[in-house]
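The chain contents come next:
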Amino acid sequence: MLQKAKSPRGESSINIIGAGIAGSWQALLFARAGYDVTLHERGDAEMTQATSHWAGGMLAPWCEREASEPVITRLGIRSLDLWREQLPETPFNGSLVVSHPRDRTDFERFAKLTTDHERLDASGIAELEPSLDGRFREALFFAGEGHVEPRAVLPKLHRQLAEAGAAIKFQSDCEPDKIAQEIKNGIVIDCRGLAARESGTRDLRGVKGEMVIIETPEVQLSRPVRLIHPRWPLYIIPRDGNRFMIGATTVEAEDTGVSVRSALELLTAAYAVHPAFAEARIVEIGAGLRPAFPDNLPRIAIDAKRISVNGLYRHGFLLAPALAELTLAYVERGAIDNEVMQCS
């Protein structure tokens, strides 16, 4: 899997552009490895314009096997270990996959395409999630999976990398090529997502993911619940304050509006999981654009002093730690992961 390449040994200055989930993990691992790290973000500390702001934050490598290449599972499993190492408080309560009788065929297909799950009957579901008592006959329980709240975990990552000695510059709109020309002994890591097209990464596209946040004290969930859907992987993710994120669509479009159809389908999915969601208060509806290459796989592109980490698609929070580890391994010892990395 790994081979040796010429390593840029002696590099100590690392400039990372983009403080979303990909850039934040790059900054954290490089800072903790002793490098002089500066993280640039053109937005403010609230990160409301970042793709990460609209993410689900699911850490579900085995569930993702249903529709992803094996490399996603491989890197995702490694990322789980890194989340545990770097943020030990990350919740790993597992994932629950359910379906209604009419979608039984799709449920069995999902079961065959995924691994590391346990089948639960109605009583097993009720034991894990009392709010779902009597709602479903069967479920798949992926005990090793976890989830994070993106809007809470990003500031936490920023604090940790600052404590590790990294500098964070918000409202710093800079170009990778310009920084690369200015530094004499360092590397630029471009984690800008779709904005990287401004610098020539033309094969990137935006894939819209729409979501809804609702609030109700009538339902309690301890883990993400995926509802098998004929077209989309729909899920309900518990958040603090009796809130739930319902997501997410996968639309080949680059606007950030939410269609009536999508909103209805997301809210209907929540109601199908539990009728009490019908009385929930809608807190927010929005959409983010996930950066994706034509094959929907991540890519680390290396060109002299410039490294680009992009194309995380629907798997940003799942893949970011492992991709940061691969980048660090390249800089430190020239290691190349042939499934992910490209050298110019």
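Quick caveat, the model's predicted, so the values are computed rather than measured.

Participant: What exactly am I supposed to notice about the overall build of the protein chain here?
Facilitator: Helix and strand counts for the protein chain come out as eight helices and 19 strands. At 20 Å, the protein chain has a C-alpha radius of gyration in line with the 20 Å of a compact globule built from 344 residues. Based on the C-alpha atoms only, the size of the protein chain along its principal axes is roughly 65 × 40 × 35 Å. Counting the 344 residues in the protein chain, one finds 58% classified as buried. The long-range fraction of contacts in the protein chain, counting pairs at least 24 apart against all pairs at least 6 apart in sequence, stands at 75%.

Participant: Even after reading the chapter, I still don't get the sheet that holds strand β3 (residues 36-41), so can you show me in this structure?
Facilitator: What holds strands together in a sheet is hydrogen bonding between their backbones, with the strands either parallel or antiparallel. Spatial strand order, β9-β3-β2-β10-β17-β16-β19: seven strands in an open sheet with mixed pairing. The sheet is open, and its two borders are formed by β9 (167-170) and β19 (341-343), each paired with just one other strand. Adjacent strand axes in the sheet meet at a mean angle of 15 degrees, parallel and antiparallel pairs treated alike. Note that strand β10 (residues 186-190) and strand β17 (residues 306-310) share three bridges and pair parallel. Bridge pairing in β17 places Val188 opposite Arg306. Against the sheet, helix α1 (residues 21-32) engages β2 (13-17), β3, β10 and β17, with an angle of about 165 degrees to β3. Strand contacts of helix α8 (residues 316-333): β10, β16 (299-303), β17 and β19, with the helix running at about 165 degrees to β17, the strand carrying the most contacts.

Participant: It is not clear to me how the environment of Asn310 should be interpreted in this structure. Could you clarify?
Facilitator: Relative to the helices and strands, Asn310 resides in strand β17. Taking relative accessible area as the criterion, Asn310 reaches 2% and is therefore assigned buried. Remark: the alpha-carbon pair of Asn310 and Thr201, spanning 109 residues in sequence, is separated by 9.5 Å. Once residues within four sequence positions are removed from consideration, Asn310 is found in contact with Gly193, Ala196, Leu204, Pro291, Phe293, Pro298 and Arg299.

Participant: Is there a simple way to explain the domain arrangement of the protein chain in this structure?
Facilitator: Accessible area lost upon the coming together of the parts is a frequently used measure of interface size. Per the domain assignment, the segments making up the protein chain are domain 1 (13-56 + 150-201 + 294-343) and domain 2 (95-143 + 205-292). Domain 1 and domain 2 are separated by 30 Å when their C-alpha centres are compared. Every contact between the two is made by 17 residues of domain 1 and, on the other side, 20 residues of domain 2. Across the interface of domain 1 and domain 2, roughly 1,500 Å² is buried in total on both sides, 56% from carbon and sulfur atoms. If you sort the residues of domain 1 by the area they bury against domain 2, Trp54, Leu194 and Tyr313 come out on top, with a joint share of 42%. Linking domain 1 to domain 2 there are two salt bridges. The partner of Arg151 in a salt bridge is Glu284, with the nearest N and O atoms 2.9 Å apart. Residue classes in the side of domain 1 that touches domain 2 are distributed as seven nonpolar, seven polar and three charged.

Participant: Can you walk me through the pattern of salt bridges in this structure?
Facilitator: Following the criterion strictly, the structure yields 30 salt bridges and no others. Note that Asp103 is salt-bridged to Arg102, the shortest N-O span being 3.9 Å. Of the residues examined, Arg102 reaches a relative accessible area of 67% and is grouped as exposed. One salt bridge connects Glu138 with Arg119, and the closest N-O pair in it is separated by 2.7 Å. With a gap of 19 residues between them, Glu138 in strand β7 (residues 138-142) and Arg119 in strand β6 (residues 118-121) connect regions that are remote in the sequence. Residue Arg119 is classed as partly exposed on the basis of its relative accessible area of 38%.

Participant: Help me understand the side chain of His274 in this model?
Facilitator: Looking at the element boundaries, His274 is found in the loop between α7 (260-273) and β15 (281-292). With sequence-adjacent residues up to four places away left out, His274 is seen in contact with Ser131, Arg135 and Val219.

Participant: How should the sheet that holds β6 be read in this particular structure?
Facilitator: The eight strands are arranged β6-β7-β5-β12-β13-β14-β11-β15 in an open sheet whose pairing can be described as mixed. Looking at the sheet topology across the chains shown, the edges are occupied by β6 and β15. Averaged over all pairs of adjacent strands, the angle between strand axes in this sheet comes to 25 degrees, irrespective of strand direction. Inspection of the sheet shows strand β12 (residues 225-227) paired to strand β13 (residues 234-239) by three bridges, in the antiparallel sense. Its bridge partner being in β13, Leu227 is matched across the sheet by Leu234. With respect to the sheet, helix α3 (residues 104-113) is in contact with β5 (95-98), β6 and β7, its orientation differing from that of β7 by roughly 25 degrees.

Calculation criteria
- Think of each chain on its own: its residues are numbered from 1, step by step along the sequence as written.
- Local features in this predicted model are restricted to residues of pLDDT 70 or higher, and side-chain atom pairs are both shown and tallied only at a pLDDT of 80 or more, whereas totals for entire chains, interfaces and linings draw on every residue.
- Side-chain numbers come from the whole structure's heavy atoms, not from hydrogens or water.
- Note on conventions: DSSP H or I runs of at least 4 residues are helices, E runs of at least 2 residues are strands, and numbering of each starts at the N terminus.
- Based on C-alpha atoms, the radius of gyration is set beside the globule rule, defined as 2.2 Å times the residue count to the power 0.38.
- Throughout this description, buried means an accessible area under 20% of the type-specific maximum (1.4 Å probe, protein chains only), exposed means over 50%, and partly exposed covers the range between.
- Between two residues, a contact is recorded if the distance between any of their heavy atoms is within 4.5 Å.
- In this description, strands pair whenever DSSP reports at least two bridges between them.
- Helix axes use the C-alpha atoms of the stretch in contact, all axes being lines fitted to C-alpha atoms, and the angles between their N-to-C directions lie in the range 0 to 180 degrees.
- Domain segmentation is taken from an automatic or database assignment of domains.
- The term buried area refers to how much accessible surface (probe radius 1.4 Å) is lost by two components on association, counted for both of them together.
- What counts as a salt bridge is simple: a side-chain nitrogen of Lys or Arg found within 4 Å of a carboxyl oxygen of Asp or Glu.
- By the convention adopted, Pro, Cys, Tyr, Trp, Phe, Met, Ile, Leu, Val and Ala count as nonpolar, Lys, Arg, Asp and Glu as charged, and the other residues, Gly among them, as polar.

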